[in-house]
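The residues making up each chain are set out below.
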Amino acid sequence: MAGKPRSVYRCTSCGADQPKWSGRCEACGEWNSLVEEVVAVRAAARRPRAAPPDGGPPPVRLDAVAADAAPRYKTALAEFDYVLGGGIVPGSLVLVGGEPGIGKSTLLLQCAARLEAAGVRTLYASGEESPEQIRLRADRLAEPAGAVTVLAETLLERVVAQAAALGARVVVVDSIQTAYTADLEGAPGNVGQVRECAARLMRFAKESGPAVLLVGHVTKGGGIAGPKTLEHIVDTVLYFEGESALDHRILRATKNRFGSVDEVGVFEMTASGLLPVANPSAAFLAARHAGISGSAVTALMEGTRPMLIEIQALASRAGFGTPQRVSAGLDHRRLAVLLAVLERRAGLTFTALDVFVNVVGGMRLSEPSSDLAVAAALISSVRDRAVPPEALFLGEIGLGGEVRAVAALDRRLAEAARHGFRRAFVGSRTGLKAPPEEVELVRIAHVGELSHRLAA
Ligand code: TYD
Ligand code: MG
């Protein structure tokens with residue numbers, strides 16, 4: 001490397017450049033806003049691009065653009081391919097984010113093994129583990145990973161050079177927080193390094209054609225150099241989530257230039273790696289004890305797939321001080337709204353009760369269609385009386401206590417029917433072209449009515 005690379009510190013707030021880092025931007029006075037950026041990349045000057053700067057590709061008519069895109073690389077790890085929209089697109093940059101220990105390295109090593117088995121040359125570059133440690137992990141997996149080429153390297157330029165020398169079609173970089181470029185002075189993991197490394201990998205992917213899969217750690221506190229700062233750079237963002245202690249893992253696409261978002265894939269962490277769960281509803285309901293109070297089932301739409309999920313509530317007499325409201329998988333503000341609506345519109349009292357709500361299997365309720373199920377679980381727990389067996393709850397609850405219809409009802413009911421549910425509590429205005437014969441619809445106009453029905 002000749003000479004010192006030129007970098008400046010740019011304010012993320014006002015955009016002003018400064019030659020030296022400081023805690024505060026001299027231009028706008030914002031604290032902690034300076035991020036190191038490369039001004040002139042010497043490495044790029046040594047590698048002239050194919051086209052001269054004044055040339056570049058000419059503009060083309062869209063219908064003259066070749067339509068037959070290169071086929072996607074299939075990992076045959078069904079849920080992974082599905083969430084990506086049918087496999088890995090060559091030349092794409094995919095970010096796989098998740099909390100430490102959730103299984104990102106395991107997932108990508110399994111993908112690498114399967115890609116290699118399918119004849120797709122794959123490089124697994126790790127800045128976190130030595131080849132010996134990766135080998136230990138590989139030995140646990142069901143898929144033979146012996147053919148995967150691994151590289152313990154954190155210097156990005158070397159990773160790219162090795163990938164090019166190997167002719168890799170898929171490159172895994174585990175993790176972006178440990179990668180660094182010699183052109184920046186900052187330590188690996190700081191915002192400047194993370195962004196610059198991701199931008200260079202993007203250029204590498206677009207110019208040389210391999211797909212790059214990036215691992216990005218997110219911390220519970222939402223670490224600053226985490227995947228959030230990369231979301232606009234990459235083509236696809238996948239989040240891998242779940243409770244480390246539980247076996248289920250959910251892979252969710254939140255951005256996808258080559259497929260739809262909000263599709264989820266469900267995996268189970270086993271002693272021999274991650275197994276796709278083909279029938280999530282059955283898996284989520286497997287441990288359910290029907291007949292226990294405080295439990296209600298709803299059907300969520302995860303992308304285009306309906307999934308049956310159990311919601312549990314426990315209301316118990318509070319000790320001293322303010323009663324607790326604890327929820328896992330449900331926004332605590334939504335819980336507060338539902339509790340207030342039940343108090344005011346259905347005459348239930350929670351003032352002296354601690355309330356705990358849990359969505360089973362590590363899933364998250366992101367749509368209001370599950371309101372009715374949460375309400376049913378809460379009512380059931382307060383009365384210590386189980387909801388009717390084989391009952392499903394689908395409805396959004398308004399502040400007036402009214403129960404509204406939900407979208408995609410037919411698909412949710414079909415999934416429920418497949419799993420033996422015979423009764424569905426739905427909003428009174430629910431229109432349905434062809435209700436499934438096996439499921440009886442119980443129309444509820446108001447939460448007060450739900451409370452009566454469950455008491456009967
Ligand atoms: P890992 O992939 O290292 O997580 P990340 O890269 O997201 O930090 O997964 C770590 C956990 O997975 C660890 O607690 C061990 C567990 N595990 C299994 O249960 N079975 C397995 O076959 C493997 C490889 C890991
Ligand atoms: Mg890891």
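Structure report, in brief. (Residues numbered from 1 in each chain as written. Chains lettered and ligands numbered in written order. Predicted model: local features only at pLDDT ≥ 70, side-chain atom pairs only at ≥ 80, totals over all residues. Heavy atoms only, no water.)

Notes on the site of ligand 1
Then, number 1: Close contacts around ligand 1 come from 15 residues, with Gly-101, Ser-105, Thr-106, Thr-270 and Gly-273 the closest.
Then, number 2: A distance of 3.0 Å separates an oxygen atom of ligand 1 from a polar backbone atom of Gly-103.
Then, number 3: Measuring from an oxygen atom of ligand 1, one finds a side-chain N or O atom of Thr-106 at 2.6 Å.
Then, number 4: Relative to its unbound accessible surface of 560 Å², ligand 1 loses 76% to contact with the protein.
Then, number 5: The set of elements that each furnish at least two residues to the shell around ligand 1 consists of α3 (104-117), α4 (131-140) and β11 (264-270). (Near = heavy atom within 4 Å. Polar contact = N/O pair within 3.5 Å; in protein donor to acceptor, adjacent residues only side chain to side chain. Areas by Shrake-Rupley, 256 points an atom, 1.4 Å probe, with all protein chains shown as cover. Helix = DSSP H or I, 4+ residues; strand = E, 2+ residues; numbered from the N terminus.)

Notes on the sheet that holds β11
Then, number 1: Ordered in space as β6-β5-β7-β8-β4-β9-β10-β11-β12, the nine strands form an open sheet in which the pairing is mixed. One side of each edge strand has no neighbouring strand; the edge strands of this open sheet are β6 (149-152) and β12 (273-276). For this sheet the average axis-to-axis angle between neighbouring strands, irrespective of direction, equals 25°.
Then, number 2: Both strand β9 (residues 236-241) and strand β10 (residues 248-256) contribute to a ladder of six bridges, which runs antiparallel. By the bridge assignment for β10, Leu-238 is matched with Ala-253.
Then, number 3: Where α4 meets the sheet, its contacts fall on β5 (122-126), β6 and β12, and the angle it forms with β6 comes to roughly 145°.
Then, number 4: Sitting on the sheet, helix α6 (residues 191-208) is in contact with β4 (93-98), β7 (170-174) and β8 (211-217), with an inclination near 165° to β8. (Pairing = 2+ DSSP bridges. Axes fitted to C-alpha atoms, helices over the stretch in contact; angles between N-to-C directions. Contact = heavy atoms within 4.5 Å.)

Thoughts on the packing of helix α5 (residues 156-166) against α6
Then, number 1: Two elements in contact, α5 and α6, have axes whose closest approach is 11 Å; the angle formed by their N-to-C orientations is 15°. With respect to their mutual orientation, α5 and α6 come out roughly parallel. You can see that α5 and α6 cross each other, and the crossing is right-handed. Residue-level inspection shows Leu-156, Glu-157, Val-160, Ala-163 and Ala-164 of α5 in contact with α6, the latter providing Cys-197, Arg-200, Leu-201 and Phe-204.
Then, number 2: When grouped by side-chain class, the residues that make up the contact of α5 with α6 number seven nonpolar, no polar and two charged. (Parallel < 35°, antiparallel > 145°, perpendicular 65-115°, else oblique. Left-handed = near helix turned anticlockwise from the far one by under 90°. Nonpolar A, V, L, I, M, F, W, Y, C, P; charged D, E, K, R; others polar.)

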